[in-house]
Amino acid sequence: MTRVEKKVSDSQTNEILNEKKAAASMEAKTGPEETVRLIPLHKLDMKRLIELDACTRCGECLSWCPVYDQDSKEDLIPRRKIIDFLKLARSQSGFLAGIMKSKRIKEPLKRIIGSLCGYRDVTKEQVDEFVFNLYECSTCGQCEVVCPAHIDTVNLWEELRRLIVRAGYGPLEPQKALRKSVMTYDNPWQQPRAGRTKWSRRAKKDGLIAKEPRQIKKTNGKVLLFFGCTASYDANVKQVAINTINILEAMDIDYGVLGKEEKCCGSVLLRMGDPEYKRLFQENIDQFNSLGIDTLISSCAGCFKTIMQDYPKIGRLNFEVLHTAEYLARLLKGGELSFSHPVNKTVTYHDPCHLGRATGGFDAPRMIMEAIPGLSLTEMPRNREYSRCCGAGGGLKAGFPDIQGRMAQRRIKEAEETGAEELVSCCPFCYQGLQVGIGALGSDIVMKDLSAYIAESLLGYDVFEKAAKEAEEKKRKKEEAKAKKKLEKEKKEAEKKEAGQKKELEEQKKNNEKELADKTQ
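Residues numbered from 1 in each chain as written. Predicted model: local features only at pLDDT ≥ 70, side-chain atom pairs only at ≥ 80, totals over all residues. Heavy atoms only, no water.

This paragraph deals with the packing of aromatic side chains. Any aromatic ring pair is given by two values, namely how distant the centres are and how the planes are angled relative to each other. Scanning the model with the defined rule gives 10 aromatic pairs in all. Where F132 meets F400, the ring centres are 5.0 Å apart and the plane angle is 80 degrees; that geometry is what we call edge-to-face. Taken together, the positions of F132 in helix α7 (residues 124-135) and F400 in the loop between α20 (396-399) and α21 (401-416) put the pair 268 residues apart, joining distant regions of the chain. With a relative accessible area of 37%, F132 lands in the partly exposed category. Taking 6.4 Å as the distance between ring centres and 15 degrees as the angle between the ring planes, the aromatic pair formed by F288 and Y311 counts as stacked. Here the residue F288 occupies a position in helix α16 (residues 277-289), and Y311 occupies one in the loop between α17 (301-310) and β4 (320-323), the gap between them amounting to 23 residues. (Phe/Tyr/Trp six-rings, centres within 6.5 Å; stacked < 30°, edge-to-face > 60°. Helix = DSSP H or I, 4+ residues; strand = E, 2+ residues; numbered from the N terminus. Buried < 20%, exposed > 50% of the residue type's maximum accessible area, 1.4 Å probe, protein only.)

A few words now on the side chain of Q287. With respect to the helices and strands, Q287 occurs in helix α16. With near-sequence residues (within four places) excluded, Q287 lies in contact with K217, L258 and E261. (Contact = heavy atoms within 4.5 Å.)

Position of V122 among the secondary structure elements: in the loop between α6 (107-117) and α7. The residues touching V122, leaving out its near neighbours within four places in the chain, are V36, K87, L88, S91 and V127.

Bringing α7 into the picture now. The end-to-end C-alpha distance of α7 is 17 Å, a good match for the 16 Å that 12 residues give at a rise of 1.5 Å each. Looking at α7, one finds that the buried residues are V127, F130, V131, N133, L134 and Y135. Structurally, α7 contributes buried residues whose contacts are with α4 (78-93), α9 (153-166), α15 (267-272) and α20. (Expected span 1.5 Å × (residues − 1).)

Let's shift gears to the sheet that holds strand β7 (residues 422-425). On the basis of which strands lie adjacent, the open sheet formed by four strands has the order β6-β5-β7-β8 and parallel pairing. Edge strands, defined here as strands with exactly one partner in the open sheet, are β6 (375-377) and β8 (446-449). When the angles between neighbouring strand axes are averaged without regard to direction, this sheet yields 40 degrees. Bridge count between strand β5 (residues 345-349) and β7: three bridges; the pairing is parallel. Bridged to V347 within β7 is E422. Across the face of the sheet, helix α23 (residues 450-459) comes into contact with β5, β6, β7 and β8 while running at roughly 70 degrees to β8. (Pairing = 2+ DSSP bridges. Axes fitted to C-alpha atoms, helices over the stretch in contact; angles between N-to-C directions.)

Take unusual backbone geometry next. With an omega of -5 degrees, the peptide bond between G170 and P171 qualifies as cis. Position of P171 among the secondary structure elements: in the loop between α9 and α10 (176-185). Despite not being glycine, T139 has its phi angle at roughly 50 degrees, a positive value. Note on placement: T139 falls in the loop between α7 and α8 (142-146). You will see that H150, though not glycine, has its phi angle at about 55 degrees, which is positive. Within the secondary structure layout, H150 lies in the loop between α8 and α9. The class for H150 is exposed, based on a relative accessible area of 65%.

It is worth spelling out a positive patch on the surface at this point. A cluster of basic side chains, namely K205, K474, K478, K482 and K486, defines a positive patch on the protein surface. With four residues, the top contributor of residues to the positive patch is helix α24 (residues 463-520). Of note, K478 is situated in helix α24. Judged by its relative accessible area of 63%, K478 is exposed. (Patch = residues over 30% accessible without salt bridge, like charges linked within 9 Å, V, L, I, M, F, W, Y side chains within 5 Å. Areas by Shrake-Rupley, 256 points an atom, 1.4 Å probe, with all protein chains shown as cover. Salt bridge = Lys/Arg side-chain N within 4 Å of Asp/Glu carboxyl O. Lys, Arg positive; Asp, Glu negative; His and termini not counted. Charge placed at Lys NZ, Arg CZ, Asp CG, Glu CD.)

The next point concerns the pattern of salt bridges. Per the counting criterion, the structure on display carries 35 salt bridges. Among the salt bridges present, the one from R162 reaches E159, with a minimum N-O distance of 2.8 Å. Taken as a pair, R162 and E159 lie in helix α9 at a separation of three residues, close to a single helical turn.

Turning our eyes to something else, we now look at the side chain of S425. By secondary structure assignment, the location of S425 is in strand β7. A distance of 3.0 Å separates a polar side-chain atom of S425 from the backbone oxygen of H350. Residue contacts for S425: discarding those within four places in its chain leaves Y349, H350, P352, C430, M447, K448, D449 and L450. (Polar contact = N/O pair within 3.5 Å; in protein donor to acceptor, adjacent residues only side chain to side chain.)

On to the pairing of strand β1 (residues 223-226), then. The alternating pattern of β1 places V223 and L225 on one face and L224 and F226 on the opposite face, and all of these are buried. When β1 meets strand β2 (residues 255-256), the two strands line up parallel, connected through two bridges. From the neighbouring strand, V223 faces β2, where its bridge partner is Y255. As defined by bridge partners, β1 adjoins strand β3 (residues 295-298) across four bridges and the pair is classed as parallel. By the bridge assignment, F226 is partnered in β3 with S298.

Turning next to the environment of L160. Structurally, the position occupied by L160 is in helix α9. The class of L160 is buried, set by a relative accessible area of 0%. Taking the C-alpha atoms as reference points, L160 and E507, 347 residues apart in sequence, are found 100 Å from one another. When sequence neighbours within four positions are dropped, the list of residues in contact with L160 reads L44, F85, F130 and L134.

Here it is as structure tokens:
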């Protein structure tokens, strides 16, 4: 552990210990009947406090929330979450709460004041219900887009989750496995660190890439390709990593990867409110800054958003951060990238929340699709900043897989209505999430990552189709050789048998002749 890491870790530990002491002090003051743990409200900055007060309770978010669309509970919508949190905050630190919890005021007077003012203590059950509703959210940011008060809801929800975690109420039980896996294996999928590069070895063996990705610490490349955990570990999403490598190699980009030294970007910890994200962010920042790179690119919208927007809040980055689609769109604009081979497909595009709403990356993917000959884009009614969330982010898939599945199905139905053959996005998490919907519906629509069309147009063929054909041809030749060998073996055995029978007949003939000669004598 470096000095910086130790300083960050120690600081976090001291803060949590102080908050626990404060909670214990509060319990001691209010008596043994106090069961609601102290929420560290002092951690909320002025902006968040203003935002909590700015909500006009208009209900515009109700019409747009993709989670509410699948689970129509009033408690889920943003305005209700704000109302419920303010109720918790006032119960803990409000003026009336101060009076009701004061030892200087006699109980009879407290009862009178409580009766007149309608004061009620918040129960543990109410806190648990608020926490449950707070986590039943993909933090997609749709509510922020439609909010007339322009409340920064995504950061507000993440901040409230951090308070809840510090108070010991979160995350939800099913989500704790993600946290444990990131802390143990540096990835949320409970896979060993050594397995991070397994996909590339397999891809080379299968003929999907010509050679394994360049190691940046050996080549000192100027562009760092950050794969992210989903593209590295999920075999169903391997096309993202494979096609990205083929694109960069075809263009001879001076790139490199971290290989086994790549760690989780920490997005999953940040979204769920775990304070350990700060330590992981700092470790990655230190490693990235030491590489001497000019640009970091990632094909994962979640990793891109986290590194580009959230890392600078922890430490300075000495390089530029771009999504791979944005990086390639820049090269396309500058005339360094052109597409010569047609890709004759009709597709519809799903805007990832972290690339689209979060960072405004709407144009780059569309610019690339427009430049690829033969590729026809048909938009869904809900696109760009109004794109429906697939439900894979924000810890929702881990905590509420049934809700995520229904959200994905809703998006797939919308994609099918366009008449497109294929559904394209540029985020492994969305790819993973939308596949759930395709499988549940038994849909004929094919899920693709944008990198697949780019690679096919650059190379002139789909590497997976080519590898499959080559594997089939290899299998056919192997079977033919096996059949030929079998025929040759059968022929030899037949010839051997025939020779044996012939020899046996000759011996029989000799024996008969001998017997006849003996009788004659």
